[in-house]
Amino acid sequence: MLLELFPYLSALLIEEAERRPDKVVLRTRVRATTAVCQCGRSSARVHGRYVRTLRDVAVGGLGVVIELCIRRFRCENPACPAVTFAEQIAGLTTPHSRQTPLLRGVLAQIGLALAGRAGARLAAAVGIVVGKDMLLRLVRALPEPEVGEVEVLGVDDFAFRKGRHYGTVLIDMATHRPLHLYDGREGEDLAAWLRGHPEVKVVCRDRSSGYSEGARVGAPQAEQVADRYHLWANLGQAVEKTVNGHRSRLAEAPRGPAGSPDHLEAKPEVVQPSAELKIVTRLREQHAAAHELWKQGMSKAAIGRKLGLHQATVRKLVNARSSDDVVAKSLQRAHVVDPYVGYLHRRWNEGIRNAAQLYREIQQLGYPGGELAVQHHLRRYRTGRGHAPASGLKPPSVREVTSWIMTHPEHLRDEDADKLHRLRERDPELDRLTLHVRRFAAMMTGRQGDRLEGWIADIEQDSLAPLAGFARNLRRDFDAVRNGLSLPHSSGAVEGNINRLKMLKRQMFGRAGLDLLRKRVLLAR
């Protein structure tokens, strides 16, 4: 059994075995009296001897070191350019290596799974001493797998540095195996790869214009399929913008006691609009200034220096079509007090105005924040900027309403479904928005891409501007979108590989070069 696992042992004579605290040392020599030169001629003329030290896989948590007495032979072939040669043992030695092939294979797999530092720590735990750089060199030396024939190809981008530097990964959708990884996300690179693979019949991609053009040029015979995940995500963004435009209508009108005339004929209060928040005014001014400088030809870095803003903030301002988009994203952040707003409003309406007392009360309910946040929330009522609603209920947030609209009716909680129903009764535009979203969801889940043209036409005739913009973008990539809503192909496997790629990249602290990242993505399992 041992000879089957280590066939080279039959070629060795073990003269001594020494156990040390951290390793086992085997002193050996070769049994054979002759050796074969690289020219194929066998020789028995010994020219000299030397000891070669090799490390093998650990046994019982102890490292194994083989001290092998190697002989150099004279080649008796006059035509051979090698005058002398050293004997080699198959499965044990390779030229210029200090590890056995078995150990090199184990270390390469550890490097693929854990990269440098983590791999070195794991190897040390099982009795193998190796440096992180050695592990990375072994990974880089591994050959890349052959691509083979690919009929359905998935393509997507990933970020080396988000917002600055991107790469592209190609996936075989039949086996979910990564095929290629390259720097950049230009269509020319994708087209060049596709020209070498004319067997590709389907290209699954997001709605990037670069990948669309690259697939069209490099594989004109292939059908392009837009990813349903991105379609649904883009629809969700349009829905959120639409709901944000109706945020003033989300609150329900207060009702009197049950059975009273006020309960039957209650009318909404006339609420004076509060003054615009300082952060909203500042964001609008920054958006206008950034766009003005951008039109003048200034770079984003120069705009940031001039306005005193971080480059990421400048990028957000320049990429936003309107100041309302920036304001909406800034105001939709959840606050730690939000889950307890209903209780605070009820106690406020009961006459309890002491913030410290209210803070202690909600602490008993599990409030994790501090007293200062409670004071900030109640300050608006003390300064006359608003009044706590008599019902004690906080209006639903934009994201909550968006979630209700984007969720299948059968999966909504009864409470949320009832809130959405009342909201649709009060606001006809949100009612139409919900109907449009559910029609699109039915198309997507039922593979009814033939209804896409009619859905877009209905949206264009409606007055919902963000949804109309989404529909216009669908027309620019109509064939791929229709295929995405009709064909069974999906980019789910691509997104899974992107998630795995991010894990590998972060495991190396984001410092991995493209060559090392490509090896781990293509070879690690």
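The following paragraphs examine the structure supplied in this document. (Residues numbered from 1 in each chain as written. Predicted model: local features only at pLDDT ≥ 70, side-chain atom pairs only at ≥ 80, totals over all residues. Heavy atoms only, no water.)

### So, the overall build of the protein
Phase 1 of the analysis: Counting secondary structure elements, the protein contains 23 helices and twelve strands.
Phase 2 of the analysis: Considering the protein as a whole, with its 525 residues, one finds that 41% of them fall into the buried category.
Phase 3 of the analysis: For the protein, the share of sequence-separated contacts (at least 6 apart) that also reach a separation of at least 24 residues comes to 59%. (Helix = DSSP H or I, 4+ residues; strand = E, 2+ residues; numbered from the N terminus. Buried < 20%, exposed > 50% of the residue type's maximum accessible area, 1.4 Å probe, protein only. Contact = heavy atoms within 4.5 Å.)

### What to know about the environment of Arg20
Phase 1 of the analysis: Among the structural elements, Arg20 can be located in the loop between strand 1 (12-19) and strand 2 (23-30).
Phase 2 of the analysis: Distance from Arg20 to Gly63, taken between C-alpha atoms, is 9.6 Å for residues 43 residues apart in sequence.
Phase 3 of the analysis: Contacts of Arg20, omitting those with residues within four sequence positions, involve Val25 and Arg27.
Phase 4 of the analysis: Side-chain polar atoms of Arg20 contact the side chain of Glu18, separated by 3.2 Å. (Polar contact = N/O pair within 3.5 Å; in protein donor to acceptor, adjacent residues only side chain to side chain.)

### Quick notes on the layout of surface pockets
Phase 1 of the analysis: Looking at the second largest pocket, its volume works out to about 290 Å³.
Phase 2 of the analysis: Lining the second largest pocket are 17 residues, and of these Gly116, Arg117, Leu136, Met508 and Phe509 lie nearest its centre.
Phase 3 of the analysis: Breaking the lining of the second largest pocket down by element, the ones donating at least two residues are helix 3 (117-125) and helix 4 (132-141).
Phase 4 of the analysis: Per-element tally for the lining of the second largest pocket: the top contributor is helix 4, with four residues.
Phase 5 of the analysis: Tallied by class, the residues present in the lining of the second largest pocket amount to eight nonpolar, three polar and six charged. (1 Å grid on protein atoms, 1.4 Å probe; cavity = no way out; pocket = protein on both sides within 12 Å on 5 of 7 lines; lining within 4 Å. Points joined across faces, edges and corners; volume = space filled by probe spheres on them. Nonpolar A, V, L, I, M, F, W, Y, C, P; charged D, E, K, R; others polar.)

### A short note on the side chain of Gln224
Phase 1 of the analysis: When you line up the elements, Gln224 lands in strand 12 (residues 223-226).
Phase 2 of the analysis: Exposure remark for Gln224: the relative accessible area of 15% places this residue in the buried category.
Phase 3 of the analysis: Among the polar contacts listed, one links the side chain of Gln224 to the side chain of Arg205, at a separation of 2.5 Å.
Phase 4 of the analysis: A distance of 3.3 Å separates a polar atom in the side chain of Gln224 from the backbone oxygen of Ser212.
Phase 5 of the analysis: Leaving out residues up to four positions away in the same chain, Gln224 has contacts with Val203, Arg205, Ser212, Ala215, Arg216, Asp479, Ala480 and Asn483.

### Describing the nonpolar core
Phase 1 of the analysis: If you look at the biggest cluster of nonpolar residues, it comprises 35 residues, and the most contacted ones within it are Leu235, Val243, Leu433, Phe440, Leu452, Trp455 and Leu474.
Phase 2 of the analysis: Every element with two or more residues in this core is listed here: helix 7 (228-244), helix 16 (398-406), helix 17 (414-426), helix 18 (428-445), helix 19 (452-461), helix 20 (465-476) and helix 21 (478-486).
Phase 3 of the analysis: Per element, the largest residue contribution to this core is six residues, and it comes from helix 18.
Phase 4 of the analysis: Residues in contact with Leu452, not counting those within four places in the same chain, are Phe440, Met443, Leu474, Phe478, Val481, Arg482 and Leu485.
Phase 5 of the analysis: Ranked by size, the runner-up nonpolar core spans 25 residues in total, among them Leu112, Ala115, Ile171 and Ala493. (Core = buried A, V, L, I, M, F, W, Y, C linked by side-chain atoms within 4.5 Å.)

### Looking at the sheet that holds strand 11 (residues 202-205)
Strands in a sheet are paired, the pairing made by backbone hydrogen bonds, and the direction either parallel or antiparallel.
Phase 1 of the analysis: The five strands lie next to each other as 10-9-8-11-12, forming an open sheet whose pairing is mixed. Looking at the sheet topology across the chains shown, the edges are occupied by strand 10 (177-183) and strand 12. Sheet twist, expressed as the average angle between the axes of neighbouring strands with direction ignored, equals 25°.
Phase 2 of the analysis: Relative to strand 11, strand 8 (residues 152-161) runs parallel, the two being bridged by three bridges. Residue pairing for strand 11: Leu153 is matched across the bridge by Val203.
Phase 3 of the analysis: Those strands touched by helix 22 (residues 492-507) are strand 8, strand 9 (165-172) and strand 10, and its axis lies near 30° from that of strand 8. (Pairing = 2+ DSSP bridges. Axes fitted to C-alpha atoms, helices over the stretch in contact; angles between N-to-C directions.)

### Some remarks on the pattern of salt bridges
Phase 1 of the analysis: Tallied over the full model, the rule gives 23 salt bridges.
Phase 2 of the analysis: Its salt-bridge partner being Arg413, residue Asp416 comes within 3.1 Å of it at the nearest N-O pair.
Phase 3 of the analysis: Residue class for Arg413 comes out exposed when judged on its relative accessible area of 54%.
Phase 4 of the analysis: Between Arg422 and Asp418 there is a salt bridge, and its shortest N-O distance comes to 2.2 Å. Pair noted here: Arg422 and Asp418 are both in helix 17, with a separation of four residues, about one helical turn. (Salt bridge = Lys/Arg side-chain N within 4 Å of Asp/Glu carboxyl O.)

### Thoughts on the pairing of strand 6 (residues 62-74)
Phase 1 of the analysis: Sheet topology note: the strand 2/strand 6 ladder contains seven bridges and is parallel. Across the sheet, Val25 pairs through a bridge with Val65, a residue of strand 6.
Phase 2 of the analysis: Taken together, the eleven bridges between strand 5 (residues 46-59) and strand 6 define a ladder with antiparallel strand orientation. Bridge pairing in strand 6 links Arg55 to Val65.
Phase 3 of the analysis: Following strand 5, the chain reverses through two residues before pairing antiparallel with strand 6; Gly60 in that reversal takes a positive phi of roughly 60°.

### Describing the packing of aromatic side chains
By convention here, two paired aromatic rings are described through the distance between centres and the angle between planes.
Phase 1 of the analysis: Within this structure, the stated rule accounts for seven aromatic pairs.
Phase 2 of the analysis: When the ring of Phe73 is compared with that of Phe85, the centres are 5.9 Å apart and the planes differ by 20°; the resulting orientation is stacked. In this pair, Phe73 sits in strand 6 while Phe85 sits in strand 7 (residues 84-86), placing the two residues twelve residues apart along the sequence.
Phase 3 of the analysis: Ring centres of Phe440 and Trp455 lie 4.9 Å apart, and the angle between their planes is 55°; this geometry places the pair in the tilted category. Taken together, the residues Phe440 in helix 18 and Trp455 in helix 19 connect sequence positions 15 residues apart. (Phe/Tyr/Trp six-rings, centres within 6.5 Å; stacked < 30°, edge-to-face > 60°.)

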